[in-house]
Every structure is written in C-alpha cells, then in structure tokens.
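# Survey of secondary and tertiary structure
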Amino acid sequence: MAILTIKASPSGGLRRYTLSIDGRVVSMHADNSGTASVAGDCQDRSSHRLGYAMVGPAGAKLDFSISCDDGSQIDVPGVEIYPEGEPLGGGFIEFQL
Amino acid sequence: MIRPGSLAAAAALIAGTFLALPAAAEPVPGRAADTPADRFGVPAGAELQFAAGTDDKNATFRLALPTGASQADSFALILATPIAGLKDAKPASLDALANGSRATLRWGHFGLPPSQDRAAPRELEDEAKSACSAAEPHNNQCSDSGYAIHKYKLAEYRRYLAHILPVGATDYGIDATVGINDFDWSDPHTLIPQKVRHTDWSIAAHIDHYIPGAALSASIAYQRAYQAADEQLLCPAGTANPAADCKMGRAAAPTRKESLLLSAGGRYRFTKADGTLSNLAVAPLVTFDAIKSVWGVDVPVYFVPDKDGSLTGGIRFGYRSDRKDKFTVSAFVGAAFSILQ
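Note that this is a predicted model, so its numbers are computed, not measured.

When helices and strands are tallied, chain A shows 0 helices and 9 strands. Starting at the N terminus and walking to the C terminus, you meet the elements of chain A as β-β-β-β-β-β-β-β-β. For chain A, whose C-alpha radius of gyration is 13 Å, the value lies close to the compact-globule estimate of 13 Å for 97 residues. Here chain A, with 97 residues, has 58% of them falling under the buried criterion. In chain A, 70% of the contacts between residues at least 6 apart in sequence involve partners at least 24 apart. For chain A, the accessible surface area stands at approximately 3,600 Å², while carbon and sulfur atoms represent 44% of it.

In this section: the pattern of salt bridges. Counting across every chain of the model gives 15 salt bridges over all chains. The closest approach of N and O atoms between B:R316 and B:D298, which form a salt bridge, is 2.7 Å. With B:R316 in strand β14 (residues 311-320) and B:D298 in strand β13 (residues 294-305), this residue pair connects regions lying 18 residues apart in the sequence. Summarising the burial analysis for this pair, B:R316 and B:D298 share the class buried. Across the salt bridge formed by B:R320 and B:D322, the nearest N and O atoms sit 2.9 Å from each other. The network of salt bridges with common partners includes A:R49, A:E94, B:D117, B:R122, B:E125 and B:K129.

What follows deals with the sheet that holds strand β2 (residues 16-21) of chain A. Strand order in this open sheet of 4 strands is β3-β2-β5-β9 (chain A), and the pairing throughout is antiparallel. Both edges of this open sheet fall to β3 (24-26) and β9 (88-96) of chain A, since each of them pairs with a single strand only. Taking the axes of each pair of neighbouring strands and ignoring which way they run, one obtains an average angle of 25° across the sheet. Sheet topology note: the strand β5 (residues 47-55) of chain A/β9(A) ladder contains 9 bridges and is antiparallel. Directly across from A:M54, in β9(A), lies its bridge partner A:G89. Contacts between helix α5 (residues 145-152) of chain B and the sheet are confined to β5 and β9 of chain A, with β9(A) contributing the most and set at about 120° to the helix.

All names here are of chain B. On inspection of all chains with the given rule, the structure shows 9 aromatic pairs over all chains. Geometrically, the ring pair formed by F110 and Y210 is stacked, given 6.2 Å between the ring centres and 15° between the ring planes. In this pair, F110 is assigned in strand β4 (residues 101-111) and Y210 in strand β6 (residues 193-211), connecting sequence segments 100 residues apart. With respect to burial, F110 and Y210 carry one shared label: buried. Each ring, one from Y302 and one from F332, has its centre 5.0 Å from the other, and the planes form 85°; the classification is edge-to-face.

Before going further, it helps to spend a moment on a nonpolar patch on the surface. Residues and elements named next belong to chain B. A surface patch of nonpolar side chains, amounting to about 630 Å² of accessible area, comprises Y268, F270, L280, F303, V304, I315, F317 and V329. Looking at the nonpolar patch, the elements that each hand over two or more residues are β10 (255-271), β13 and β14. Of note, L280 is situated in strand β11 (residues 277-282). Judged by relative accessible area, which is 33%, L280 ranks as partly exposed.

Conventions used here
- Residues numbered from 1 in each chain as written.
- Chains lettered and ligands numbered in written order.
- Predicted model: local features only at pLDDT ≥ 70, side-chain atom pairs only at ≥ 80, totals over all residues.
- Heavy atoms only, no water.
- Helix = DSSP H or I, 4+ residues; strand = E, 2+ residues; numbered from the N terminus.
- Rg over C-alpha atoms; globule rule 2.2 N^0.38 Å.
- Buried < 20%, exposed > 50% of the residue type's maximum accessible area, 1.4 Å probe, protein only.
- Contact = heavy atoms within 4.5 Å.
- Areas by Shrake-Rupley, 256 points an atom, 1.4 Å probe, with all protein chains shown as cover.
- Salt bridge = Lys/Arg side-chain N within 4 Å of Asp/Glu carboxyl O.
- Pairing = 2+ DSSP bridges.
- Axes fitted to C-alpha atoms, helices over the stretch in contact; angles between N-to-C directions.
- Phe/Tyr/Trp six-rings, centres within 6.5 Å; stacked < 30°, edge-to-face > 60°.
- Patch = residues over 30% accessible without salt bridge, like charges linked within 9 Å, V, L, I, M, F, W, Y side chains within 5 Å.

In structure tokens:
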C-alpha cells in the first residue's frame with residue numbers, strides 16, 4: 001500500500017473541485033491538500049487513475065503536486081475548464097507510481 | 001445598468017444575489033463578486049479581510065467563519081460601511097441596504113460529486129488519448145482524458161462530461177442582512193432640515209444547478225427597506241429671489257418599501273455540430289413580485305460576440321404584467337454572457 005500526498009493549486013476563479021483516485025474520493029482540506037492510499041508500492045510503475053471534477057469559468061485551472069510516501073514525485077499534468085464544457089470540467093488522468 | 005426605482009433594482013440590491021425583472025436594454029445582473037471562490041486560500045479558522053473599492057465607495061470587512069475541513073461550505077460575516085461621504089452613500093434609490101452601513105451573515109454550500117469512473121466511456125477516452133499521443137508524443141497532458149477528448153474528440157466533449165458528471169454541480173446559500181440608513185429631508189413649509197435613521201433588513205436564498213454548458217437557477221428574496229423621497233426644488237414661501245433662495249431637496253420623510261421576489265431561470269450556450277461554441281446563447285428568467293403581484297419575463301438572446309469571442313449583445317424579449325405595453329423587444333449591449341452567476 002502506498003500513501004500519496006496530493007496538493008492542488010486552483011486558479012482562475014475556480015469555485016469548487018473534487019478528486020478521486022482509483023474510484024475513491026480524496027478528502028481535500030481547506031488548504032487544498034489531502035492524502036490517499038493506493039494499491040502497490042512507491043515507484044513500482046503500477047497504473048492508477050486520478051479523477052477530477054471542477055466548476056468555474058472557462059480558463060480556470062487546477063494544478064497538482066503528488067508525492068509518494070517514499071518522497072518520489074509523480075508526474076501529473078494540470079487541468080482546466082474548457083469553454084465548450086463551461087462551467088464544468090472533468091476527466092481522468094492516468095499516472096504511474 | 002439597473003435603474004433606481006425599478007423592480008430590477010429591488011431585485012439586485014439584495015446582496016447582489018438575485019436576478020431582476022426585465023427592463024428594456026438592461027443586462028441581467030449577475031451575482032456579486034463575493035463567490036465561493038473566496039474559500040480558496042482562506043484558512044480553516046476565522047480571517048479578517050479588508051476590501052475597499054472606489055467604485056462602490058464602501059469599506060468591507062469579511063470574517064470567514066470556521067466550517068471545519070469541508071471545502072464545500074462557506075460561512076461569513078460581512079460588515080460594510082460607506083467611506084466616501086454620506087451624501088454619496090445615500091442616493092435616492094431603493095438600494096438602501098447596499099448604500100448604508102450593513103451586516104450580512106452568509107452561508108453557502110457548493111456540492112460537486114466526483115467524476116464517475118464507472119460511467120466513463122473508456123473507448124472514447126482511449127481513442128482520444130491515442131490520437132493525442134500520436135500528435136503530441138511528449139505532452140504529458142495526453143494522459144488526461146479531459147484534455148485529449150476536448151482536443152481530439154471535441155464533438156463528444158459535452159456528452160463525455162455528462163457521462164462522468166451525471167449529477168452536475170449545485171450551489172445554494174442564504175444571505176441575511178441588516179442595514180442602518182440615515183436620511184435627510186426638509187419640512188416642505190418651513191424648509192427646516194430633518195434627520196431620521198431607519199433599520200432595514202433582507203433575507204434571501206438561492207439555488208443554482210450546473211450541467212455542461214448550462215445553468216438552472218431559482219431564488220427568493222424578501223426585503224424591507226426605507227426609500228428616500230424624490231428630490232425637488234424647494235422654495236421659501238413668498239420668496240422674491242427664487243434663484244438664490246431655492247434649492248434642491250427632499251420634501252418628505254422616507255417611506256417603507258417591501259418586496260418579495262421569486263425568480264427562476266436558466267442560461268445556455270449552444271454549440272455547433274463539431275462541438276465548438278456557437279455565437280448563440282439564451283438566459284431566460286421569470287420573476288414574480290409576490291407583494292405587488294407583478295410578473296416579469298426576460299429572455300435575452302445573445303448573438304453579438306466581442307473581439308475575444310464573448311457574447312456581449314443581442315435582442316431582449318420582455319414581458320411585464322403591470323405595464324400598459326406588456327411586451328417589449330429591444331437590442332442590448334452589456335456584460336458578457338456567463339453561465340456562472
């Protein structure tokens with residue numbers, strides 16, 4: 001079991017977001033940080049899905065910084081709300097430990 | 001902008017939260033800038049904020065009250081007072097609560113369920129990600145289904161969002177405001193200046209539901225506030241020199257006004273067959289003044305884009321049950337269309 005620490009950085013007037021990893025909701029605190037446990041071990045190259053949903057104006061963004069409990073950083077792109085879906089944005093990001 | 005004395009002004013003054021009855025060539029006002037976005041960066045405990053703008057000539061202190069660990073809830077005490085001179089702060093308008101010293105207790109909740117992985121159309125995701133990886137092999141954004149589908153399967157994008165966010169998002173809240181206003185007027189016979197202080201209050205609730213490309217909203221707002229009399233030319237009895245002796249002033253004490261407004265509406269921006277935005281949007285709104293038994297319907301149709309692609313103008317269809325000419329059609333240019341309130 002690996003413990004992930006997620007730090008989110010909302011910008012551009014983003015009003016609300018929710019995150020999940022492998023289908024389990026990540027409880028984010030008021031300082032936009034949270035933790036999640038996933039199957040596998042840090043740096044074992046196992047694949048996982050970060051789900052995100054957000055509300056805001058077109059162009060609002062959400063960046064992530066995710067680290068595993070051994071200190072390794074996980075590469076995850078930032079996401080944004082596109083005009084065609086405004087005011088909602090969502091999707092799933094595939095990442096590896 | 002809102003015309004003082006109109007039902008639109010009465011609707012908009014209640015914490016800037018509610019939409020208005022129609023008035024020709026007037027854009028539908030949106031919710032005030034104090035949005036749930038303020039919760040980002042606000043610590044879990046209380047915080048004192050200061051904001052002052054020269055536009056509204058008010059100093060505002062906001063105390064963000066603790067709501068626990070939840071990001072979905074916001075709770076705040078907002079204190080505001082005029083800072084630019086009492087005369088500026090007391091115009092002869094219905095906007096009593098917005099122009100005097102006031103305190104607002106605001107609670108809000110913004111519900112957004114997480115994306116539903118089981119509902120995600122994996123085949124569409126895989127096709128879009130494959131196309132993305134082929135075209136942008138070094139872009140890590142291709143691992144994001146939202147980015148890939150938006151860029152390479154745009155016609156499917158709204159449908160994809162509706163799949164993974166079947167419930168959408170819901171924002172609701174309550175504002176309770178108490179305000180104190182001072183009024184100056186003159187006795188119409190003696191012209192002796194008079195002063196009186198009144199306490200006004202309002203309570204309002206709103207709910208907005210968001211889905212991809214659209215919003216549905218409803219609100220109810222009650223306000224009891226005093227309204228200054230209109231200004232007029234006041235002259236001493238039997239004056240021989242009106243140019244020197246007469247002045248503009250109010251010749252009557254303020255009167256109490258009540259309003260109870262219920263409204264429901266929607267906002268939608270159309271897309272083309274290829275998924276790109278079209279230059280067409282609508283924002284219908286029905287409002288009912290329960291005290292005056294007045295119905296209003298406002299249907300602005302936006303189709304005039306500005307240089308940035310935002311829709312800022314169009315034609316507005318209106319109906320007011322209390323007017324002789326109940327139906328109106330007018331062109332308008334104003335604030336850009338926005339689905340978010």
